[in-house]
Structure formats: C-alpha cells, structure tokens
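Okay, here's what each chain looks like letter by letter:
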Amino acid sequence: MKTRTLKKDKVNIITLGCSKNMVDSEVLSGQLKANDIDVVHENAKRDHNIVVVNTCGFIDKAKEESINTILEQVELKQRGRLDKVFVTGCLSERYRGDLESEIPGVDAWFGTMELPLILKRFDADYKAELIGERLLSTPSHYAYLKISEGCNRTCAFCAIPLMRGQHVSKPIEAIVAEAEKLVKAGVKEIMLIAQELTYYGLDLYKQRRLADLLHALADVKGLEWIRLHYAYPTKFPLEILDVMRERENICNYLDMPLQHIADPMLKAMKRQITRKEIFDLVTTIREKVPGICLRTTLITGFPGETTEDVEDVKRFLEEVRFDRVGVFTYSHEENTSAYTLDDNIPAEEKERRAQDIMETQQEISLEKNQEKVGQVFKVIVDKKESGRYLGRTEFDSVEVDNEVIINTDRKLKPGDFVQVKITRAFDYDLEGELV
C-alpha cells in the first residue's frame, strides 16, 4: 500500500508510564520544535506521519501496555497511515535486543539516555543551549521538574536501576533556571520528581542538598506551589522539613513510598528500614510540619508475604492514618535480586490483598475528608468538566489524589487560585463553594 507522505514531517509523541517519562518526552519535543520540526503530544487528529513511543518497562502491566501500543503503531505503518515508528524509553532500554527481532516493523529503538541519537534520525541537532526548554504536555499551569536521573538503591523488587542507571543529580543552578523558564511560560505549580528525591546532591556535592535546592526554588518569583514526590524513607534528610515549614510556597505534602510495613517483608525487599523506624519517622515529620499530607505506596504479594504481614500493614494504616495510599501488586522482574525467589502467590491473591488494604484506607480517607467539611482551603483550578470546575488543595497532587468540585457561577480558568469552603466529603473527593 502506498504510504501517505506529508509535505513536512509531523511527529506525534506517545508517552507511557510515569511523570519522569513525560518530562523526557517534553524535552524531546522542545528539541524537535527548536529544529523546526512540527511535534505534538498524544495527537488525536492523526494528521502526523511519524510516531515516537516513549515506553515504560517497570512492571508486567506496563510492559504489556507498551508492547500493545508499539504493535498498534506498526500496524498503522503497515496500512500506510504512518511513515516511521520509533521507540524509546525504559522498555526499549531493557529489552532492545529481544524487541528488535520480535517487532521488525519499528524503524529504530533507543534507550533512556539517547536523545541526541533520536534527533539524528530527524536530521536534527541536539542544542545544548536549550537545556531546560520543554514543550509541555501538561496544562500550562503545572509541570513536573526532574531533579536527578537514576537510582543507587538496591531494592529487591525494582528494575529501575537496570533501565535508568546510577543516580545523577542536576546542578541546583540548572534546576532553578528551568523553574524560572517554566514560571515565565505560565506554570504556577511545580512537582519535583526523581527516582529518589532525598539522595539529591550526594553524587554532585558529596552531601545531601535537597534542603538547599528547596530554598533556591522557593525564591523563584511567581512560583506558587512546590510539591515533593518520591522521597525515600531510609536516612531521610530531616532538614528538608524545616524548609517546608518555613517557606510558604512549599506544599505541606510529601510522597514517600514505603512499599511495606512488616519487618520480614522490609528485610526481604532490602528497604534498609524497620517498622519502628518508619513509625518514628512519620511521627517526626508530623511534629515538624503540622498538618502535612503524607502519601505512600505499598506492594502486596512479594515472595514469602503472609496473611499476617498483610494484617500488619492494615493495623499500621489504622494506627498512622496516612492521608493518601496507593497499592501495587508485586511483579516478578528479571535481573532483580527478588527474581531468584519463588513468586509463589497467585495473581488473584495479590489483587485480593491489595483490595483488602485499599478498603482499610478508603474508610480512613473518608474520615479525613469529613474533617475538612466547613473549612476553607486555597484551591488551584485544573479544568472544567461536565459544567463543573475541578481543582486541588495543596494536599493533593495531579491525577493520583483528591479533587475538589467547585460550585460557582463565576467564570474561572485553569491556574486560578480560589478560596473554597468545603461543603461535602466523599471517599476520595471533596465538594465546596467559592468564598
């Protein structure tokens, strides 16, 4: 079949996986645009002739989604709807050799750190002077800001170091410059992301420098909210709590994945922390930053996990009462140290345990939301949907946390900050009216 060829290339970037992948896609988009190449994210119009799929290879479900997406794009190419299909990201980094032979319809495969090589395929130059330039795929009022690459941790279940390499911090000056560019472009909220935030600076400055980075970012004029994602609990740098308390534009919000609570599981997962140390850390965090919102994620079904371990998690949640909890089921990943263990818990049982934990958290979430009824909160407006405005408080991050349904006749726009009095509470959302 004859391929439909455009007079000028138009590139569609499809991003799968986490927000770190999204930033990589935005950087690629910025570089392509600077080389005068038409580029879009997740193009619904299908008026493009080239696709770049930025894949995720973290767990089985993500790998399956990535492969299905690649196959869909290759089929479009075979039907003459596309000229070229390129694949990059974590799945490509990890399984390139196998994938090249299994999916020959892909024009080229790239790893996670091969941006200049991707650009060469477009006869485009990597422009070093554009460091920090991105074509945002998020709404213009918020953005993710990656402060480091890779991870030095050796968690038994995790394949990220295999795909992203060792921890490499970006210099403070470069991060601040990127934040300033984002604010000039209209961004009001920045979410700091990394595989591991709290390790920041050790490689570059020989000491943890996250607190210094936060102070520097808090000084950026026009930056209203700074949010912290993916803090590792072991050897947590307590000095960042003082900065959070002192600086008004740093949200009272911390995303700290714990993965488990039961001591046998924490040891088997190589988390380098105990149940008691986690409890003490949470207590200290709440003492130093009163009213802080704590989000965590947990894994069920790790090899050797017992029903008593799951009950221990539920007891801990009832005792500590995290504001936000996400639960993943264990995925048996090649070349991780846990891969030598017997993946002996059936998938249905893993799911049942995850559901059991989430039911415990659901009650806690509803009770915590009910406590907010009658209170007034500063809310950022995200969008209008079905005739209603939806926003978030400083205690809620994008897509993973609560939304606030805003009842008003006033015309609002995304990025507006408004004061909202909460009138109703649901399991995972709030409703209120403008003050």
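Residues numbered from 1 in each chain as written. Predicted model: local features only at pLDDT ≥ 70, side-chain atom pairs only at ≥ 80, totals over all residues. Heavy atoms only, no water.

Visitor: Now, about the overall build of the protein: what can you tell me, with residues and values included?
Guide: Helix and strand counts for the protein come out as 13 helices and 18 strands. The C-alpha atoms of the protein give a radius of gyration of 22 Å, which matches the 22 Å a tight globule of 435 residues would have. Reported as C-alpha extents along the three principal axes, the dimensions of the protein are approximately 65 × 55 × 45 Å. Going through the 435 residues of the protein one by one, you find that 55% of them count as buried. At a minimum sequence separation of 6, the contacts of the protein that also span at least 24 residues come to 74%. The averaged location of the 75 negative side-chain charges in the protein is 4 Å from the averaged location of its 63 positive side-chain charges. (Helix = DSSP H or I, 4+ residues; strand = E, 2+ residues; numbered from the N terminus. Rg over C-alpha atoms; globule rule 2.2 N^0.38 Å. Buried < 20%, exposed > 50% of the residue type's maximum accessible area, 1.4 Å probe, protein only. Contact = heavy atoms within 4.5 Å. Lys, Arg positive; Asp, Glu negative; His and termini not counted. Charge placed at Lys NZ, Arg CZ, Asp CG, Glu CD.)

Visitor: Residues and numbers for the packing of helix α2 (residues 60–78) against helix α3 (residues 90–102), please.
Guide: Contact geometry of α2 with α3 gives a least axis separation of 11 Å together with a crossing angle of 80°. Relative to α3, the element α2 is oriented roughly perpendicular. Where α2 approaches α3, its residues Lys63, Ser66, Ile67 and Ile70 are matched on the opposing element by Leu91, Arg94 and Tyr95. (Axes fitted to C-alpha atoms, helices over the stretch in contact; angles between N-to-C directions. Parallel < 35°, antiparallel > 145°, perpendicular 65-115°, else oblique.)

Visitor: How would you summarise the state of the cysteines if you had to cite specific residues and measurements?
Guide: For the coordinates displayed, the defined rule picks out 0 disulfides. In this structure Cys18 is a free cysteine whose sulfur lies 6.3 Å from that of Cys56, the closest cysteine sulfur available. Cysteine Cys158 shares no disulfide, and the gap to the nearest cysteine sulfur, in Cys155, comes to 6.2 Å. (Disulfide = S-S within 2.5 Å.)

Visitor: Can you explain the pairing of strand β16 (residues 403–407)? Please cite residues and give values.
Guide: Across a regular strand the side chains alternate sides, sitting on one face of the sheet and then on the other. Relative to β16, strand β15 (residues 388–392) runs antiparallel, the two sharing 3 bridges. Its bridge partner being in β16, Gly391 is matched across the sheet by Val404. Sheet topology places β16 next to strand β18 (residues 429–434); 5 bridges connect them, and they run parallel. Its bridge partner lying in β18, Asn407 is registered against Glu433. (Pairing = 2+ DSSP bridges.)

Visitor: Tell me about the sheet that holds strand β5 (residues 108–109), and name the residues and values.
Guide: An order of β2-β1-β3-β4-β5 is seen for the 5 strands of this open sheet, with the pairing classed as parallel. A single partner strand is all that each edge strand has here, and the edge strands are β2 (38–41) and β5. Note: strand β3 (residues 50–55) against strand β4 (residues 84–89), 6 bridges, orientation parallel. Bridging across to β4, Ile50 finds its partner in Lys84. Contacting β1 (10–15), β2 and β3, helix α1 (residues 19–34) crosses the sheet at an angle of about 170° to β1.

Visitor: Could you give an account of the pattern of salt bridges, naming the residues involved and the relevant values?
Guide: The tally for this structure, following the rule as stated, stands at 46 salt bridges. Salt-bridge contacts for Lys77 lead to Asp107; the nearest nitrogen and oxygen are separated by 3.0 Å. Linking Lys77 in helix α2 with Asp107 in the loop between α3 and β5, this pair joins segments that are 30 residues apart in sequence. Overall, Asp107 belongs to the partly exposed group, its relative accessible area being 29%. Glu334 is paired through a salt bridge with Arg94; the nearest N and O atoms lie 3.6 Å apart. (Salt bridge = Lys/Arg side-chain N within 4 Å of Asp/Glu carboxyl O.)

Visitor: How would you explain the domain arrangement of the protein if you had to name every residue and give the values?
Guide: Per the domain assignment, the segments making up the protein are domain 1 (10–129), domain 2 (139–371) and domain 3 (373–434). Each of domain 1 and domain 3 has a C-alpha centre, and the two are 35 Å apart. (Domains from an automatic or database assignment.)

Visitor: Explain α1 residue by residue, including any values.
Guide: Compared with an ideal rise of 1.5 Å per residue, which puts 16 residues at 22 Å, α1 spans 23 Å between its outermost C-alpha atoms and is within 8% of the ideal. Taken together, the buried positions of α1 are Ser19, Lys20, Asn21, Val23, Ser25, Glu26, Leu28, Ser29, Gly30, Gln31 and Leu32. Phi for Asp36, located one or two positions after α1, is positive at around 65°. (Expected span 1.5 Å × (residues − 1).)

Visitor: I'd love a proper account of the packing of aromatic side chains, names of residues and values included.
Guide: A complete count under the given rule lists 7 aromatic pairs for this structure. Here Trp225 and Phe417 contribute two aromatic rings whose centre-to-centre distance is 5.0 Å and whose plane-to-plane angle is 75°, an arrangement assigned as edge-to-face. Here Trp225 is found in strand β10 (residues 225–228), whereas its partner Phe417 is found in strand β17 (residues 417–425), with 192 residues between them in sequence. Of the residues examined, Trp225 reaches a relative accessible area of 5% and is grouped as buried. Between Phe377 and Phe395 the ring centres are 6.1 Å apart and the planes differ by 85°, which places this aromatic pair in the edge-to-face class. Of this pair, Phe377 sits in strand β14 (residues 376–385) while Phe395 sits in the loop between β15 and β16, and the two are 18 residues apart along the sequence. For the pair shown, Phe377 and Phe395 are each scored as buried. Connected via pairs of aromatic rings, a cluster forms that spans Phe86, Phe110 and Phe122. Lys20 extends its terminal NZ or CZ atom over the ring of Tyr230, reaching a point 4.1 Å from the ring centre. If you follow Lys378 out to its NZ or CZ, it ends over the ring of Phe417, 4.6 Å from the centre. (Phe/Tyr/Trp six-rings, centres within 6.5 Å; stacked < 30°, edge-to-face > 60°. Lys NZ or Arg CZ within 6 Å of the ring centre and 35° of its normal.)

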